[in-house]
Amino acid sequence: MKYKTHFLKHDFSMLAILVIPIGVAVNFVGGQTAAILKLPLYLDAIGTMFVSMLCGPWVGAAAGALSNLVSGVINPSVLPFIIVNIGVGLVTGFLANKNMFSSWWKWPISICIISAITIILSAPVVVLLYGGITGGGTSIITAVVMAAGVNIWTAFLGTEGIFTVLDRILSFIICLSVIRCIPPRILIKYKCGCTFIKNQNKLPPM
Amino acid sequence: METNYTEQIQIYKTNKIAALYPTAKLIIVVLYIFCTLVIGTVRITSLSLPLLLIPEFGIVVFLLIVSEISKNGYNILKDIIKFAAIIFFVQVFLIPGGRLVFRIFFLTLYEEGIRSGISLAFTLLNIAGIFIWFFQTTETKEIIRALEDSGVHYKAAYIMLSTFQMIDVLSQNSKTILNAQRARGIETDGNLLLRIKAFIPVLLPLFLTAITGVEERVLALETKGFLVECPKTHLLNVKRSGHEAYAVMVAALCTIFILAGRVMLCFLS
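Numbers given to residues run from 1 along each chain, matching the order in which its sequence is written. Labels follow written order: the first chain is A, the first ligand is 1, and so on. Side-chain atom pairs in this predicted model are given and counted only at pLDDT of 80 or more, local residue features only at pLDDT of at least 70, and totals for whole chains, interfaces and linings cover all residues. Side-chain measures were taken over the full set of non-hydrogen atoms in the model, leaving aside hydrogen atoms and water.

Moving on, we come to the overall build of chain A. Per the secondary structure count, chain A includes 9 helices and 0 strands. In sequence order, the secondary structure elements of chain A are arranged as α-α-α-α-α-α-α-α-α. Put simply, chain A has 206 residues, and 56% of those count as buried. Two residues form a contact once any of their heavy atoms are found within 4.5 Å. Contacts in chain A between residues far apart in sequence, at least 24 positions, make up 63% of those at least 6 positions apart. Approximately 8,600 Å² of chain A is accessible, and the part contributed by carbon and sulfur atoms is 73%. By the criteria applied, helices consist of DSSP H or I runs no shorter than four residues and strands consist of E runs no shorter than two, each listed in order from the N terminus. Only protein chains enter the area calculation, which uses a 1.4 Å probe; residues under 20% of their type maximum are buried, those over 50% are exposed, and those in between are partly exposed. The accessible surface values rely on the Shrake-Rupley method and a 1.4 Å probe; as for residues, cover is taken only from the protein chains in view.

Further remarks concern the overall build of chain B. In terms of helices and strands, chain B carries 9 helices and 2 strands. For chain B, the α and β elements follow one another from N to C terminus as α-α-α-α-β-β-α-α-α-α-α. Each radius of gyration reported is based on C-alpha atoms, and the globular scaling rule is 2.2 Å times the count of residues to the power 0.38. Taking 269 residues into account, the globule formula puts the C-alpha radius of gyration at 18 Å, and chain B, at 25 Å, lies well above it. Expressed along its principal axes, the backbone C-alpha trace of chain B runs to roughly 70 × 60 × 40 Å. Considering chain B as a whole, with its 269 residues, one finds that 40% of them fall into the buried category. Counting contacts in chain B only where the partners sit at least 6 residues apart, residues at least 24 apart contribute 69% of the total. About 15,500 Å² of surface is accessible on chain B, with carbon and sulfur atoms providing 67% of the total. Counting 24 positive and 19 negative side-chain charges, chain B places the averaged centre of each group 7 Å from the other. Only four residue types enter the tally: Lys and Arg on the positive side, Asp and Glu on the negative side; His and the chain ends are excluded. Here the site of a charge means NZ on Lys, CZ on Arg, CG on Asp, or CD on Glu.

What follows deals with the nonpolar core. Counting 72 residues, the largest nonpolar core has Ile46(A), Phe50(A), Phe199(B) and Phe207(B) as the members making the most contacts within it. For this core, the element with the highest residue contribution is helix α2 (residues 14-36) of chain A, accounting for 14 residues. Among all residues touching Phe50(A), those that are not within four sequence positions of it are Cys175(A), Val178(A), Ile179(A), Ile182(A), Phe207(B) and Ile211(B). As used here, the term nonpolar core means buried Ala, Val, Leu, Ile, Met, Phe, Trp, Tyr and Cys residues forming a set that is joined through side-chain atoms within 4.5 Å. Grouped together as the second largest cluster of nonpolar side chains are 48 residues, Val125(A), Tyr32(B), Ile87(B) and Ile114(B) included.

Attention shifts here to the UniProt feature "transmembrane region" (unreviewed entry) in chain A. Residues and elements named next belong to chain A. UniProt marks residues 12-30, 42-66, 78-96, 108-130, 137-156 and 162-182 with the feature "transmembrane region" (unreviewed entry), using the numbering shown here. Annotated as residues 42-66, this span is 80% helix and 0% strand, and its ends, taken at the C-alpha atoms, are 17 Å apart. Annotated as residues 78-96, this span is 79% helix and 0% strand, and its ends, taken at the C-alpha atoms, are 27 Å apart. UniProt positions are given in the numbering used here, feature names are shortened, and annotations may be inferred rather than shown by experiment.

As a further point, take helix α2 (residues 22-39) of chain B. At 3.6 residues per turn, the α-helix brings residues three or four places apart onto the same side. All names here are of chain B. A helix's residues, less one, multiplied by 1.5 Å, set its expected span. Here α2 contains 18 residues, and its C-alpha end-to-end distance of 26 Å stays within 8% of the 26 Å for a straight helix at 1.5 Å per residue. For α2, every residue scored as buried is listed here: Pro22, Ala24, Lys25, Ile28, Val29, Leu31, Tyr32, Ile33, Cys35, Thr36, Val38 and Ile39. In this fold, the buried residues of α2 make contact with α3 (53-66), α5 (111-137), α6 (140-149) and α9 (244-268).

Below, the discussion takes up the packing of helix α3 (residues 46-55) of chain A against helix α5 (residues 82-97) of chain A. Residues and elements named next belong to chain A. Interaxial angles span 0 to 180 degrees and are taken between N-to-C directions of axes, which are lines fitted to C-alpha atoms, for helices over the stretch in contact. With their axes 8 Å apart at the nearest point, α3 and α5 run at an angle of 30° to one another. Comparing their axes, α5 and α3 come out roughly parallel. Classified by chirality, the crossing of α5 by α3 is right-handed. Here Thr48, Met49, Ser52 and Met53 of α3 lie close against α5, whose contacting residues are Asn85, Val88, Gly89, Thr92, Gly93 and Ala96. By definition in this entry, angles of less than 35 degrees are roughly parallel, angles greater than 145 are roughly antiparallel, angles of 65 to 115 are roughly perpendicular, and the rest are oblique. Should the near helix be turned anticlockwise from the far one by less than a right angle, the crossing is left-handed, and should it be turned clockwise, the crossing is right-handed.

Residues and elements named next belong to chain A. Aromatic pairs are defined between Phe, Tyr and Trp rings, using the six-membered ring for Trp, whenever the two ring centres lie within 6.5 Å; interplanar angles under 30 degrees are classed as stacked, those over 60 as edge-to-face, and all others as tilted. Using the criterion set out here, one finds 10 aromatic pairs over all chains in the structure. Between the aromatic rings of Phe101 and Phe172, the centroid separation amounts to 5.6 Å while the plane-to-plane angle is 35°, which identifies the pairing as tilted. Residue Phe101 is located in the loop between α5 and α6 (106-130), and its partner Phe172 is located in helix α8 (residues 152-181); the two are separated by 71 residues in the primary sequence. The pair Phe101 / Phe172 is uniform in exposure class, with both members buried. These aromatic residues form a ring-pair network of at least three members: Phe101, Trp107, Phe172 and Phe196.

What follows is the structure, encoded as structure tokens:
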């Protein structure tokens with residue numbers, strides 16, 4: 001693949017413009033559905049990951065930023081987490097650029113990298129702005145651990161860390177199964193879509 | 001009276017404060033957040049608590065009442081207040097450190113905990129409150145129209161506008177799919193693993209139907225000249241009410257007053 005451009009104008013094609021709203025809406029609805037099913041996970045970055053996997057880092061970052069701005073309309077306390085969503089979008093996009101989702105042994109590595117970025121970016125927000133409490137189901141565990149005298153950073157990393165990894169694994173499975181269902185004739189129109197087509201030999205030369 | 005379509009979709013507001021131009025309201029929001037951060041550094045009483053944040057929250061309540069949205073505003077504010085209360089109590093009772101203030105049975109209050117509890121909870125309430133006021137008095141259509149007027153690219157404006165529509169559509173669809181999958185026998189209650197398993201058959205069809213529709217929408221937009229670089233016509237017009245200058249002036253004066261007070265305190269102590 002010689003054809004590699006990282007210019008913003010090329011990234012934000014017509015398809016990308018229309019995929020961003022879907023990504024944001026899926027973030028939003030995914031969070032809602034997780035709440036309806038009473039899952040202790042947020043699942044609010046599925047759309048961001050999906051958009052990044054198809055359209056690259058910059059479009060993904062835009063989707064992440066927009067989704068936190070939109071949910072900030074209803075619940076302004078999620079606004080500081082905008083950096084987490086932008087970070088997830090960028091990292092997933094760069095991984096897609098580097099062809100890190102093409103075979104099965106690369107998936108665990110990618111999930112680890114994405115989870116690590118999520119935890120590293122969200123820990124300062126939660127600890128410094130909200131004192132370790134995010135209002136979700138895991139907060140109770142964090143509070144109990146903190147009451148036992150554990151350092152606030154350790155308490156957060158120990159409890160939220162496990163659920164973040166679980167969250168990302170589930171998000172990744174959903175993204176990948178959706179992409180597997182999209183026919184190659186549509187996939188090829190997206191910037192990073194070619195990497196998900198199984199029969200690489202039939203691809204036209206770029 | 002007979003009205004045509006363009007007149008029907010215009011937004012009319014009777015309240016003077018709610019009818020301010022979105023950009024003016026945004027300036028007020030930014031100034032208010034700045035004031036909150038400044039006031040948060042003022043420490044009073046012997047425990048050096050940032051108590052002035054509590055009366056500042058009165059301004060948000062006042063704005064909500066004056067803009068005649070106290071009912072809607074309260075419904076949203078309720079959740080934020082609960083969240084802030086949880087943060088406050090966790091901080092007050094669980095953070096050991098500093099001087100012991102007093103002790104009843106098993107509850108112990110420390111200086112450090114009270115300080116950070118009040119600071120975190122009321123900063124959150126103040127900043128979240130002003131955002132609630134902004135988004136409750138302004139419709140998203142208005143915000144985006146004002147953004148486009150102030151120089152944001154029309155593609156970016158379209159992304160934002162279509163996001164809000166997409167959320168409505170997908171929320172509706174997700175409820176339908178959840179009920180349909182329940183009818184087919186997928187269990188949505190039970191232990192954690194069962195509920196996680198139920199999540200996938202709800203989200204997959206939702207995602208796929210949305211993605212397959214994209215191609216057609218690209219064609220539809222391109223045939224209507226979306227990509228043509230030329231001045232666009234707008235159906236919705238946002239009017240300035242004429243009181244923007246006064247409102248921004250009052251907000252700026254308050255900010256300068258608060259900043260001056262803070263600097264004075266520095267010299268006094």
